[in-house]
Amino acid sequence: MKKILSIIAIFGFLTGIQAFADDAVDAKNFFNSYVNAANTYSPTIPDFYSPNAKIIRQVVKPNGELVNASTDTSTYMKQLKLGQATAKLRKYKNEYRNISVEKVANGYKVSAERQPSGETYWLKTYQVVQKQPDGSWKIVEEMMQTKVQTFLKYADKK
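Everything numeric here is computed off the predicted structure, so don't read it as measured data. (Residues numbered from 1 in each chain as written. Predicted model: local features only at pLDDT ≥ 70, side-chain atom pairs only at ≥ 80, totals over all residues. Heavy atoms only, no water.)

Section: the nonpolar core
Turning to step 1, where the next piece is worked out: Core analysis: the largest hydrophobic core is formed by 22 residues, its most contacted members being Tyr34, Phe48, Tyr49, Val129 and Ile139.
Turning to step 2, where the next piece is worked out: For this core, the secondary-structure elements that each account for two or more residues are helix H1 (2-39), strand S1 (49-60), helix H2 (73-90), strand S4 (107-116) and strand S6 (137-146).
Turning to step 3, where the next piece is worked out: Ranked by residues supplied to this core, first place goes to H1 with seven residues.
Turning to step 4, where the next piece is worked out: Excluding residues within four positions of it along the chain, Tyr34 makes contact with Ile45, Phe48, Tyr49, Tyr76, Gln127, Ile139, Glu142 and Met144.
Turning to step 5, where the next piece is worked out: Core analysis: the second largest hydrophobic core is formed by five residues, Ile56, Val128, Val140 and Met143 among them. (Core = buried A, V, L, I, M, F, W, Y, C linked by side-chain atoms within 4.5 Å. Buried < 20%, exposed > 50% of the residue type's maximum accessible area, 1.4 Å probe, protein only. Helix = DSSP H or I, 4+ residues; strand = E, 2+ residues; numbered from the N terminus. Contact = heavy atoms within 4.5 Å.)

Below, the structure written as structure tokens:
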């Protein structure tokens, strides 16, 4: 009897590990789909986000100081739509490297370094993605560093 219970426990443990691994792979695949959609200026970009996602632009000031500028999903989508046309004309894209996935309390955190078109530097970024009851994935939090100083006007008040 103990042997059977041990086998069941081991099977349950391994099944849990497999489910974690599958979800982590799915989270990374979702991130890669997002990158592809963003780099091709897809009109489906808003579909990647939860309606109440936390959006953070972390401005890297010339002196290296970091300042957070947070916004809501609705405002971010309006800004994105305005910027997409110019980005498409300029053929702006982001390249990503050092992509990692870790389980966090509210989903999976996909972290990476991002290089904007035409730049030599790399910036930190992460998305917390969450599997929805229907099996789809949504971004519930996003932090992206930027050197664009105009975002400072949206800086979080202390």
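A closer look at the environment of Gln58
Turning to step 1, where the next piece is worked out: Checked against the element boundaries, Gln58 lands in strand S1.
Turning to step 2, where the next piece is worked out: Separated by 93 residues in sequence, Gln58 and Phe151 place their C-alpha atoms 8.5 Å apart.
Turning to step 3, where the next piece is worked out: Within the structure, the side chain of Gln58 is placed 3.1 Å from the side chain of Asn68, a separation counted as a polar contact. (Polar contact = N/O pair within 3.5 Å; in protein donor to acceptor, adjacent residues only side chain to side chain.)

Re the sheet that holds S6
Turning to step 1, where the next piece is worked out: One open sheet accounts for six strands, arranged S2-S1-S6-S5-S4-S3; its pairing is mixed. Of all the strands in the sheet, the pair left with one neighbour each is strand S2 (66-71) and strand S3 (94-104). Taken over all neighbouring pairs, the strand axes of this sheet differ in orientation by 20° on average, direction set aside.
Turning to step 2, where the next piece is worked out: Pairing between S1 and S6: seven bridges, direction parallel. Considered in S6, the bridge of Ile56 is made with Met143. (Pairing = 2+ DSSP bridges. Axes fitted to C-alpha atoms, helices over the stretch in contact; angles between N-to-C directions.)

A few points about the environment of Arg97
Turning to step 1, where the next piece is worked out: Looking at the element boundaries, Arg97 is found in strand S3.
Turning to step 2, where the next piece is worked out: Judged by relative accessible area, which is 36%, Arg97 ranks as partly exposed.
Turning to step 3, where the next piece is worked out: Considered as a pair, Arg97 and Trp122 are 25 residues apart in the sequence and their alpha carbons are 9.0 Å apart.
Turning to step 4, where the next piece is worked out: One polar contact links Arg97 to Glu113, side chain to side chain, over a distance of 2.7 Å.

Some thoughts on the environment of Lys54
Turning to step 1, where the next piece is worked out: When you line up the elements, Lys54 lands in strand S1.
Turning to step 2, where the next piece is worked out: The exposure class of Lys54 is partly exposed, given its relative accessible area of 44%.
Turning to step 3, where the next piece is worked out: Between the alpha carbons of Lys54 and Met143 there is a distance of 8.4 Å; along the sequence they are 89 residues apart.
Turning to step 4, where the next piece is worked out: Sequence-distant contacts of Lys54, that is, excluding residues within four places in its chain, are made with Val140, Glu141 and Glu142.

Considering the packing of aromatic side chains
Two numbers describe a pair of aromatic rings. These are the distance of the centres and the angle of the planes.
Turning to step 1, where the next piece is worked out: Across all of its chains, the model carries six aromatic pairs by this definition.
Turning to step 2, where the next piece is worked out: Among the aromatic side chains, those forming a connected cluster through ring pairs are Phe30, Tyr34, Phe48, Tyr49 and Tyr76.
Turning to step 3, where the next piece is worked out: A cation over a ring is seen here: Arg97 above Trp122, with NZ or CZ 4.0 Å from the ring centre.
Turning to step 4, where the next piece is worked out: The ring centre of Tyr121 lies 4.1 Å from the NZ or CZ of Lys147, which sits over that ring. (Phe/Tyr/Trp six-rings, centres within 6.5 Å; stacked < 30°, edge-to-face > 60°. Lys NZ or Arg CZ within 6 Å of the ring centre and 35° of its normal.)

Some thoughts on the pattern of salt bridges
Turning to step 1, where the next piece is worked out: Across all of its chains, the model carries four salt bridges by this definition.
Turning to step 2, where the next piece is worked out: The salt bridge involving Lys131 is made with Asp23; its shortest N-O contact spans 3.3 Å. Separated by 108 residues along the polypeptide, Lys131 in strand S5 (residues 123-131) and Asp23 in helix H1 bring together distant segments of the chain.
Turning to step 3, where the next piece is worked out: Note that Arg57 is salt-bridged to Glu142, the shortest N-O span being 2.8 Å. With Arg57 in strand S1 and Glu142 in strand S6, this residue pair connects regions lying 85 residues apart in the sequence. (Salt bridge = Lys/Arg side-chain N within 4 Å of Asp/Glu carboxyl O.)

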